[in-house]
Amino acid sequence: MIVIFTGNSASGKSTAASKFLTQLRQKGIPNIFDSDRIRLEKLARKDIEDLSADLEGNFVGRRFKVIGKKSILPKKIVFQILTARVLNVVHNKMIHDLKKDQHKKEVRVIEYATGPIATFPDGTVLRQDMHYLFELLRRNNLHQDVLVREIDAKLLIRSERNSLRPDGLDEATFALLFGDGGEGSLEMAGNYGIHQYIAIDNNHKDGDRFLTSMLHSIDEQFFQEFGFRLEGIHMGSQREREM
């Protein structure tokens, strides 16, 4: 089983993935978690190793800028991507690795950021829209084996969540980098042969409602494969749109 949690920055992907992983571990089901954020952080650390901070306390490598004032080195880093090429490569590699491991028995839980197509200052183009994710899944022959759960939250509420994070960006920068756009749809997913796509509404502050909807969207496939029901589901709270 492969479950991909996707959506724009601060939409709720990490919260959804964490809740689902907790249930898998409680039920003793082997699982593997992968995230573009984790992969990018490893690359950022490598990019700035042996570098000294600039006058503003930042570390500027070839592909990443690590924000010194918001980082707790070496434990935690806050970074910006300087070229779209690096995220395009990471996303391609993530999906390709799923193809290599698709016959393993572990549940593979993936966190994959999406958003509008964007051009970086160096002229590179970032393909992070849902069209591209669906294309990668079909190209790697995974389109029939994956559950895609897109967390839907608009910029206004995502910006508010970002402001509450210890490592959050300023409002203008967040809006510039992580604006609305690039979303998927049932029709789009169907055009790529993906029939396990659901968009889950998180345009509110009711965390329990959001997580209940997320768990319910996975429960039937989970039960068919493992014989367990996910916990904490209230049928009346289901609000997602199913194919």
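The numbering scheme is per chain: residues are counted from 1 as the chain's sequence reads. Only residues with pLDDT of at least 70 get local features here, since the model is predicted, and only at 80 or more are side-chain atom pairs given and counted; chain-wide, interface and lining totals rely on the full set of residues. To obtain the side-chain values, all non-hydrogen atoms of the structure were included, while hydrogens and water were left out.

*Asks:* Looking at this structure, I do not really get the pairing of strand 1 (residues 2-7). What am I missing?
*Replies:* The side chains of a regular strand alternate between the sheet's two faces. Burial classes follow relative accessibility: with a 1.4 Å probe on protein chains only, a residue under 20% of its type's maximum area counts as buried, one over 50% as exposed, and anything between as partly exposed. Helix and strand assignments follow DSSP, with helices taken as H or I runs no shorter than four residues and strands as E runs no shorter than two, numbered in order from the N terminus. The buried fraction of strand 1 amounts to six of the six residues, a majority that puts the element mostly inside the structure. Of the two faces of strand 1, the one holding Ile-2, Ile-4 and Thr-6 and the one holding Val-3, Phe-5 and Gly-7 are both buried throughout. By this definition, two strands are paired if DSSP reports at least two bridges between them. The sheet contact formed by strand 1 and strand 6 (residues 107-113) spans six bridges and is parallel. Residue pairing in the sheet places Ile-4 in a bridge with Ile-110 of strand 6. Both strand 1 and strand 9 (residues 146-152) contribute to a ladder of five bridges, which runs parallel. Bridging across to strand 9, Ile-4 finds its partner in Val-148.

*Asks:* Mind showing me how you'd approach the sheet that holds strand 3 (residues 59-60) here?
*Replies:* Strands in a sheet are paired, the pairing made by backbone hydrogen bonds, and the direction either parallel or antiparallel. The sheet built from three strands is open, its strands ordered 3-4-5 with antiparallel pairing. Pairing within the sheet leaves two strands with one partner each, and these edge strands are strand 3 and strand 5 (79-81). The pairing of strand 3 with strand 4 (residues 64-66) spans two bridges and is antiparallel. Bridge pairing in strand 4 places Val-60 opposite Lys-65.

*Asks:* Would you mind going over the side chain of Glu-150 with me for this structure?
*Replies:* As for its placement among the helices and strands, Glu-150 is situated in strand 9. Looking at Glu-150, the relative accessible area reads 5%, which means it is buried. One polar contact links Glu-150 to Tyr-197, side chain to side chain, over a distance of 2.5 Å. Contact definition: two residues touch when any of their heavy atoms are within 4.5 Å. When near neighbours in sequence (up to four residues on either side) are disregarded, Glu-150 contacts Thr-6, Gly-7, Met-130, Glu-183, Gly-184, Tyr-197, Ile-198, Ala-199 and Ile-200. Whenever two N or O atoms come within 3.5 Å, that pair is a polar contact, provided that in protein one can donate a hydrogen and the other can accept it, and provided that, for residues adjacent in sequence, both atoms are side-chain atoms.

*Asks:* Sorry if this is basic, but what is going on with the packing of aromatic side chains here?
*Replies:* Geometry of an aromatic ring pair is reported as the spacing of the ring centres plus the angle between the planes. Note on ring pairs: Phe, Tyr and Trp rings are taken, using the six-membered ring of Trp, and paired if centres are within 6.5 Å. Classes follow the plane angle, with under 30 degrees stacked, over 60 edge-to-face and the rest tilted. Under the criterion given, the structure shown has seven aromatic pairs. Centroid distance Phe-134 to Tyr-197: 5.8 Å. Interplanar angle 85°. Geometry classified as edge-to-face. Taken together, the residues span a long stretch of sequence, with Phe-134 in helix 4 (residues 130-139) and Tyr-197 in strand 10 (residues 197-201) at a distance of 63 residues. An angle of 45° between the planes, with centres 5.2 Å apart, marks the rings of Phe-222 and Phe-226 as tilted. Placement of both Phe-222 and Phe-226 in helix 8 (residues 207-226) is noted, with a separation of four residues, approximately one turn of the helix. Classification of Phe-226 by relative accessible area gives partly exposed; the value is 23%. The rings of Phe-5, Phe-20, Phe-222 and Phe-226 are connected pair by pair, giving a single aromatic cluster. Only when the NZ atom of a Lys or the CZ atom of an Arg is both within 6 Å of the ring centre and within 35 degrees of the ring normal do we say a charge sits over the ring. Positioned above the aromatic ring of Phe-223 is the side chain of Arg-229, whose terminal nitrogen or guanidinium carbon lies 3.9 Å from the ring centre.

*Asks:* Before we go on, may I ask you to explain the pattern of salt bridges in this structure?
*Replies:* Side chains that differ in charge, positive against negative, can pair when their charged atoms come close. Think of a salt bridge as a Lys or Arg side-chain nitrogen and an Asp or Glu carboxyl oxygen that are within 4 Å of each other. Tallying each qualifying case throughout the model produces 15 salt bridges. Lys-154 serves as the salt-bridge partner of Glu-183, at 3.9 Å between the closest nitrogen and oxygen. Within this pair, whereas Glu-183 is found in the loop between helix 6 (171-177) and helix 7 (186-191), its partner Lys-154 is found in the loop between strand 9 and helix 5 (155-163), the two being separated by 29 residues in sequence. For Glu-220, the salt bridge is made with Arg-229, and the minimal N-O distance between the two is 3.1 Å.

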